[in-house]
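Read off the chains here:
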Amino acid sequence: MTDEDAFRGIARTLAWFCPDLWPQLQTQHVADSTGHCRPCYSHATSAPMWPCRLRLLADEAGRLSGLGKGAPRRPG
Ligand SMILES: [Zn+2]
């Protein structure tokens with residue numbers, strides 16, 4: 001199983017079993033003024049650049065559900 005397979009598997013689980021969760025993640029995990037994801041901030045690691053892994057998961061779950069805002073486009 002590749003990372004991509006694992007990612008899709010988790011996204012599918014979210015889409016099917018947690019239909020209330022991924023829209024919340026899409027709402028919460030947005031870029032701040034510096035382009036970082038504030039909800040993902042921790043004292044151990046600084047906030048990751050947006051879109052963070054959780055946002056990408058939520059977007060993929062939304063895409064699989066045929067709802068949601070769709071995955072943010074990344075060059076490449
Ligand atoms: Zn995040």
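Each value, and the rule that gives it
Residues numbered from 1 in each chain as written. Predicted model: local features only at pLDDT ≥ 70, side-chain atom pairs only at ≥ 80, totals over all residues. Heavy atoms only, no water. Helix = DSSP H or I, 4+ residues; strand = E, 2+ residues; numbered from the N terminus. Buried < 20%, exposed > 50% of the residue type's maximum accessible area, 1.4 Å probe, protein only. Contact = heavy atoms within 4.5 Å. Areas by Shrake-Rupley, 256 points an atom, 1.4 Å probe, with all protein chains shown as cover. Polar contact = N/O pair within 3.5 Å; in protein donor to acceptor, adjacent residues only side chain to side chain. Expected span 1.5 Å × (residues − 1). Arc of directions from axis to C-beta. Donors = N, O, S within 2.8 Å, 3.2 Å for Na, K, Ca; no water. Tetrahedral: all angles 85-135°; square planar, octahedral: opposite > 155°, others 65-115°.

Draft legend 1. Region of interest: the overall build of the chain. A count of helical and extended segments in the chain gives three helices and zero strands. Listing the helices and strands of the chain from first to last along the sequence gives α-α-α. When burial is assessed residue by residue, the chain has 26% of its 76 residues classed as buried. In the chain, 46% of the contacts between residues at least 6 apart in sequence involve partners at least 24 apart. Split by element, the accessible area of the chain, about 5200 Å² in all, is 58% carbon and sulfur.

Draft legend 2. Structural context of the side chain of aspartate 59. Among the secondary structure elements, aspartate 59 is positioned in helix α3 (residues 53-65). Taking the relative accessible area as the measure of exposure, aspartate 59 reaches 0% and is therefore buried. Within the local environment of aspartate 59, its side chain forms a polar contact with the side chain of glutamine 26, the two groups lying 2.6 Å apart.

Draft legend 3. Inspection of helix α1 (residues 3-17) at higher detail. Across its 15 residues, α1 extends 21 Å between first and last C-alpha, which sits within 8% of the 21 Å expected from 1.5 Å per residue. Listing the buried residues of α1 in full gives Phe7, Ala11, Leu14 and Ala15. Across the axial projection of α1, the buried residues extend over an arc of 95 degrees, all falling on one side. Seen from the open side of α1, the exposed residues pointing more than 90 degrees away from its buried face are Trp16 and Phe17. For α1, the secondary structure elements touched by its buried residues are α2 (21-28) and α3.

Draft legend 4. Representation of the coordination of the zinc ion in the model. Listed as protein donors to the zinc ion are His29 (ND1), Cys37 (SG), Cys40 (SG) and Cys52 (SG); their distances from the metal cover 2.0 to 2.3 Å. Around the zinc ion, the four donor atoms sit at angles spanning 103 to 119 degrees, and that spread fits a shape best called tetrahedral. Sequence positions of the residues that donate to the zinc ion give the spacing H-x7-C-x2-C-x11-C. The buried category is assigned to cysteine 37, whose relative accessible area is 0%.

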